[in-house]
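Commentary on secondary and tertiary structure
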Amino acid sequence: MVEYLISRDQAISFYNINNIIVILFIMMICLVSCSPPEDPVRCFSSKNNSNCTITNSYGAFPDRTICRAAEVYYPTTEEELISIVANATMMKRKMKVATRFSHSIPKLVCLDDQDGLLISTKNLNRVFQVDGSNMTMTVESGVTLRQLIKEAGDAQMALPYAPYWWGLTIGGLLGTGAHGSTLWGLGSSVHDYVTQLRIITPAAPNEGYAKLRILKNGDPDLNAAKLSLGVLGVISQVTLKLQPLFKRSITLLTKNDSDLGEEASSFGRKHEFADIIWYPSQKKVVYRIDDRVSSNASGNGRNDFPGFRSTSSLVLSALRTTEEDQESRSDATGKCTIAKLTTTTLRISAYGLTNDGIAFIKYPVIGYHNRLQASGTCLDSLEDARLTACPWDPRVKGLFFHQTTFSISLSNVKSFIRDVQELVSIEPKSLCGVDLYNGILMRYVTNSSAYLGKQEEALDFDITYFRSKDPTNPRLYQDILEEIEQMAVFKYGALPHWGKNRNVAFKGAINKYKRANEFLKVKEKYDPLGLFSSDWTDQILGLKNGVTIEKEGCALEGLCLCSQDLHCAPKKGYFCRPGKIYNDARVCTRLSSSSISF
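Quick notes on the rules
- Residues numbered from 1 in each chain as written.
- Predicted model: local features only at pLDDT ≥ 70, side-chain atom pairs only at ≥ 80, totals over all residues.
- Heavy atoms only, no water.
- Helix = DSSP H or I, 4+ residues; strand = E, 2+ residues; numbered from the N terminus.
- Buried < 20%, exposed > 50% of the residue type's maximum accessible area, 1.4 Å probe, protein only.
- Contact = heavy atoms within 4.5 Å.
- Areas by Shrake-Rupley, 256 points an atom, 1.4 Å probe, with all protein chains shown as cover.
- Pairing = 2+ DSSP bridges.
- Axes fitted to C-alpha atoms, helices over the stretch in contact; angles between N-to-C directions.
- Expected span 1.5 Å × (residues − 1).
- Core = buried A, V, L, I, M, F, W, Y, C linked by side-chain atoms within 4.5 Å.
- Left-handed = near helix turned anticlockwise from the far one by under 90°.
- Nonpolar A, V, L, I, M, F, W, Y, C, P; charged D, E, K, R; others polar.
- Arc of directions from axis to C-beta.
- Phe/Tyr/Trp six-rings, centres within 6.5 Å; stacked < 30°, edge-to-face > 60°.
- Lys NZ or Arg CZ within 6 Å of the ring centre and 35° of its normal.
- Salt bridge = Lys/Arg side-chain N within 4 Å of Asp/Glu carboxyl O.

1. What about the overall build of the chain?
Of regular secondary structure, the chain possesses 14 helices and 24 strands. For the chain, the proportion of its 598 residues judged to be buried stands at 60%. A separation of at least 24 residues holds for 72% of the contacts in the chain among residues at least 6 apart in sequence. In the form shown here, the chain has an accessible surface area of approximately 23,600 Å², with 52% of it arising from carbon and sulfur atoms.

2. Quick notes on the sheet that holds strand 22 (residues 440-445)
One open sheet holds the eight strands; their spatial order is 19-13-15-14-22-23-21-24, and the pairing between them is antiparallel. Across the chains shown, the open sheet's two edge strands, defined by having one partner strand only, are strand 19 (365-368) and strand 24 (495-496). Bridge count between strand 13 (residues 247-256) and strand 15 (residues 284-293): 10 bridges; the pairing is antiparallel. Looking across to strand 15, one finds that N256 is bridged to K284.

3. Some remarks on the sheet that holds strand 5 (residues 117-120)
Across the sheet, five strands lie side by side as 1-2-3-5-4; this open sheet has mixed pairing. The sheet is open, and its two edges are formed by strand 1 (41-45) and strand 4 (95-98), each paired on a single side. Taken pair by pair, the neighbouring strands of this sheet meet at an average axis angle of 45°, ignoring direction. In this sheet, strand 2 (residues 50-54) lies alongside strand 1 in antiparallel orientation, the contact comprising four bridges. Bridging across to strand 2, S45 finds its partner in S50.

4. Observations regarding helix 12 (residues 478-491)
In this model, helix 12 (14 residues) spans 19 Å end to end at C-alpha, consistent with the 20 Å of a helix rising 1.5 Å per residue. In terms of residue burial, helix 12 counts as a mostly covered element, since 12 of its 14 residues are buried. For helix 12, the secondary structure elements touched by its buried residues are strand 21 (401-409), helix 10 (410-426), helix 11 (432-435) and strand 23 (458-466). Positioned one or two residues after helix 12, G493 has a phi angle of 60°, which is positive.

5. Some details on the nonpolar core
With 84 residues, the main nonpolar core has L229, L232 and L452 as its most contacted residues. Apart from residues no more than four positions distant in its own chain, L232 is found in contact with I199, T201, P202, A224, A225, F519, V522, K523, Y526 and D527. Counting 37 residues, the second-largest nonpolar core is a separate cluster that includes L260, F416, F461 and Y477.

6. Focus: the packing of helix 6 (residues 260-270) against helix 10
Here helix 6 crosses helix 10 at 145°, and the two axes come no closer than 8 Å. Along this stretch, helix 6 crosses helix 10, giving a crossing that reads as right-handed. Touching L260, G261, E262, A264, S265 and R269 of helix 6 are L410, V413, K414, I417 and Q421, all from helix 10. Per-class residue counts for the contact of helix 6 with helix 10 are five nonpolar, three polar and three charged.

7. A look at the pairing of strand 13
Regular strands show a simple pattern: their side chains alternate between the two faces of the sheet. Inspection of the sheet shows strand 13 paired to strand 19 by four bridges, in the antiparallel sense. Looking at the pairing, S249 lines up with I366 of strand 19.

8. Concerning helix 3 (residues 145-154)
Buried within helix 3 we find L145, L148, I149, A152 and G153. Projected down its long axis, helix 3 carries its buried residues within an arc of 125°, all on one side. Where helix 3 is buried, its residues meet strand 7 (136-140), strand 8 (157-158), helix 4 (170-176), strand 11 (234-241) and helix 9 (369-372). Immediately beyond the C-terminal end of helix 3, within one or two residues, lies Q156, with a positive phi of roughly 60°.

9. Some thoughts on the side chain of D538
Along the chain, D538 turns up in helix 14 (residues 535-540). Once residues within four sequence positions are removed from consideration, D538 is found in contact with K523, S533, L543 and K544.

10. Concerning the packing of aromatic side chains
Applying the stated criterion across every chain, the model contains 18 aromatic pairs. Taking the centre distance of 6.1 Å and the plane angle of 55° together, the rings of Y161 and Y193 count as tilted. With a gap of 32 residues between them, Y161 in the loop between strand 8 and helix 4 and Y193 in the loop between helix 4 and strand 9 (194-202) connect regions that are remote in the sequence. Judged by centre distance (6.0 Å) and plane angle (10°), the rings of W498 and F506 are stacked. Relative accessible area serves as the criterion here: at 3%, W498 is assigned to the buried category. Here a set of aromatic residues connected by ring pairs shows up, and it is made of Y161, Y193, F246 and F273. Over the ring of Y526 we find R213; its NZ or CZ atom is 4.0 Å from the centre of that ring. Between R288 and the ring centre of Y164, over which it is positioned, the NZ or CZ distance is 6.0 Å.

11. Some words on the pattern of salt bridges
As enumerated under the stated definition, the model contains 37 salt bridges in all. Two residues, E78 and R198, come together in a salt bridge whose shortest N-O distance is 2.7 Å. Of this pair, E78 sits in helix 2 (residues 78-90) while R198 is found in strand 9, placing the two residues 120 residues apart along the sequence. On the accessibility criterion, E78 (11% relative accessible area) is buried. The salt bridge partner of D112 is K94, with a shortest N-O separation of 3.9 Å. Residue D112 is located in the loop between strand 4 and strand 5, and its partner K94 is located in the loop between helix 2 and strand 4; the two are separated by 18 residues in the primary sequence. For D112, a relative accessible area of 37% puts it in the partly exposed group. Residue classification places K94 among the partly exposed positions, given a relative accessible area of 26%.

Written out as structure tokens, the structure is:
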């Protein structure tokens, strides 16, 4: 008889893994009820909507501050918007625009103090005109992407490229440059399909303190207003150029990542809706082979991505508890095991794709564009006392993460991917935590006419990873993650996603935009008093210093950067100097070798 002895930590790990296997399959079941996300604006005086706070959908800004406002307004018409802006301008009060779900991670919506006001577009949610002859649709700025896709589909039209998540408003996604994935046509950024935009800005007393500006194609100011970070005024209506509704054929192909650098540079030219999911620690890649097909092609496919579905709060709590336990014990092996289980489960379920709206049978999945381009069913349910929720809902113990998202020129993609692969070869388990959040999503973008839009053909890297509830507690292999972020931003000159980053990604970012000065001229013309600006927006636009913050633990949260002359001091949160690799964020031991340099 042979006795097998295992340690307590191994026993805990095996127990967690067995639970996770069950949990992952439970997550594949689409629950029919959910607690929809709450309004990001909360007021302590509900009678007059005053003494308010605002947060994002995740319940925490990068610096974890609580943003405040004296009051919030919920206009229902353009006329009401004009009146609100006029009154605030007359009193020289600061203003910020809030959206229904507030999915921007940075502090774009925050005021400088609690005396300003918020203007919510929650009730500006009407579709004004669907013009089939000109293939356009006019909507209010608070209309969600889900509404737009549905209304367009009902009229046999389609927005060709869009983000994958339903819960964005048109005004919000324009303001942050949200996009899908393509190198074809006008590109994947929604703002490049705007043909007209109505925006209300502050004005002089003789103009009534507020001015409605109607910007059309050919007006250079439209290039500023259609991606404005919310600093020019408040958008009331948007007209978008659409296309006739069409069908797509999707096959998701999993391969080894050995030739990813070469493939990533050219894959986007081969398929119209191409994107890539990369699991670096598993050395695997999932290529989306995705193109238009004849409308006569057989298929009624649907996209319902599991990560955007309603999920049991108990399941979410178990997942989070397991990950926190692994972080506290530096259990990289456990993370890698669960990451493989997660990605395998997603692959088996075809990442939420079904051939008939019910089940996945085989590839390709063929269906109408409006049923495949985005999803987010956790928004579509009645209140169930938080028994279920969107996975990141801060009201339950669920996902809590950082996101680092940037675009690297296609000409530099091969080198960047090679550098990341070299980091993984040094520490093979270092990015299992990224794999656990469904890897690195890579989407194609093109040069945009927007002054603050993409500058050239590029690949957008979207990286999601664990964030501790304790801002002074480093995450496992944080040094590797920081090295990737800094390498992208400073070595490869990556452009930040305006709505998905920590502070470090915005350091010096405005200097990478060739027409930034043109944007600032429009800003000065539309809002000379800076009533729609804040210290934060002035910092990322290069008008003020302070985009990075040096305080205890600042590097742990991506709020600061170690300079070349700053010694690594973990107690202050500094652990990663450019060009240096450390094997653990809790110590300062340098690895034996690395060819990466800045």
